[in-house]
Amino acid sequence: MWPSINPFSLSSVLDGARRCRLRQLRWKDRFPGFIFIRVLLTDKYYPGNMRAMNPSIPASYTVFLGTRRLTSGPLHEVALAVLRAEQVDADAHTLVFSDASGQPVDLNLSGGEDAVVARYIVSAPAQSPKGRGRPRLGVVAREVTLLPEHWDWLAAQTGGASVALRKLVHEARQKGGAREQARQARERAYHVMSTLAGNLPCFEEASRALFADDRERLIAQMDPWPQDVRAYVLQLIEPAPG
């Protein structure tokens, strides 16, 4: 009995790509009914880039000194602020968060200010000169495993398998985009809440309001919290641009 794979499912396509990288499993021997075909996806749809919805937006981080927000910005600026705060007070309790995920970030502050900045500064990618002719799509070749009837369906679509797969991915991202962004926003806000406010009054009630998507109740439950913590949580529950 063959594994059930839905050709319309984005997760099936990406799961197939991951499986193909595990050469040692020898899929051709274990599942002879599969056909291995290389398809071209633009770099926009490559699994490693799925989270980078808008690469023009730089990554941002926020550092807290206790429950007071110290600063926000690129990682090298935040790291420098942490280093200076700890130089002033060796016992300073600083916490750095990724604004994209809400997860804490560990920093290596050794070597002085110049070393810290050099370690975390992100250089802008060089722009290649534009040439004549049709612009490149930035396609990336990866293997995808589907059953023969799935490939038959893809091949019958206008433009062939690669174009059909790109359209399926694009449609899935559009349909589930807003819902997925809202889910990610709640999760990153909860990561920060549990770290900064886990021991504060009304944390459990505020968490329930967060996952119930009840903004007014969340604000009311966070009222006893420090102002900077409340403001940062409210910032994170807004869907990220992209």
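Procedures and definitions
- Residues numbered from 1 in each chain as written.
- Predicted model: local features only at pLDDT ≥ 70, side-chain atom pairs only at ≥ 80, totals over all residues.
- Heavy atoms only, no water.
- Pairing = 2+ DSSP bridges.
- Helix = DSSP H or I, 4+ residues; strand = E, 2+ residues; numbered from the N terminus.
- Axes fitted to C-alpha atoms, helices over the stretch in contact; angles between N-to-C directions.
- Phe/Tyr/Trp six-rings, centres within 6.5 Å; stacked < 30°, edge-to-face > 60°.
- Buried < 20%, exposed > 50% of the residue type's maximum accessible area, 1.4 Å probe, protein only.

**A short note on the sheet that holds strand β2 (residues 61-65)**
Pairing is antiparallel across the open sheet formed by three strands, whose spatial order is β3-β2-β4. Edge positions in the sheet fall to β3 (68-73) and β4 (94-98), since each has one partner strand and no second. Taken over all neighbouring pairs, the strand axes of this sheet differ in orientation by 20° on average, direction set aside. The sheet contact formed by β2 and β3 spans five bridges and is antiparallel.

**Things to note about the packing of aromatic side chains**
Tallying each qualifying case throughout the model produces five aromatic pairs. Between the aromatic rings of Phe64 and Tyr232, the centroid separation amounts to 5.4 Å while the plane-to-plane angle is 45°, which identifies the pairing as tilted. Placement of Phe64 in strand β2 and of Tyr232 in helix α9 (residues 227-236) is noted, with a sequence separation of 168 residues between them. Under the relative-accessibility criterion, Phe64 is labelled buried at 0%. On the basis of relative accessible area, Tyr232 is assigned to the buried category, the value being 0%.

**Points about the pairing of β2**
Where burial is concerned, most of β2 is hidden: four out of the five residues are buried. What sits between the antiparallel neighbours β2 and β3 is a turn of two residues, in which Gly66 has the positive phi angle 70°. Of the strand pairs in this sheet, β2 and β4 are connected by five bridges, and their pairing is antiparallel. The residue of β4 that forms the bridge with Leu65 is Thr94.

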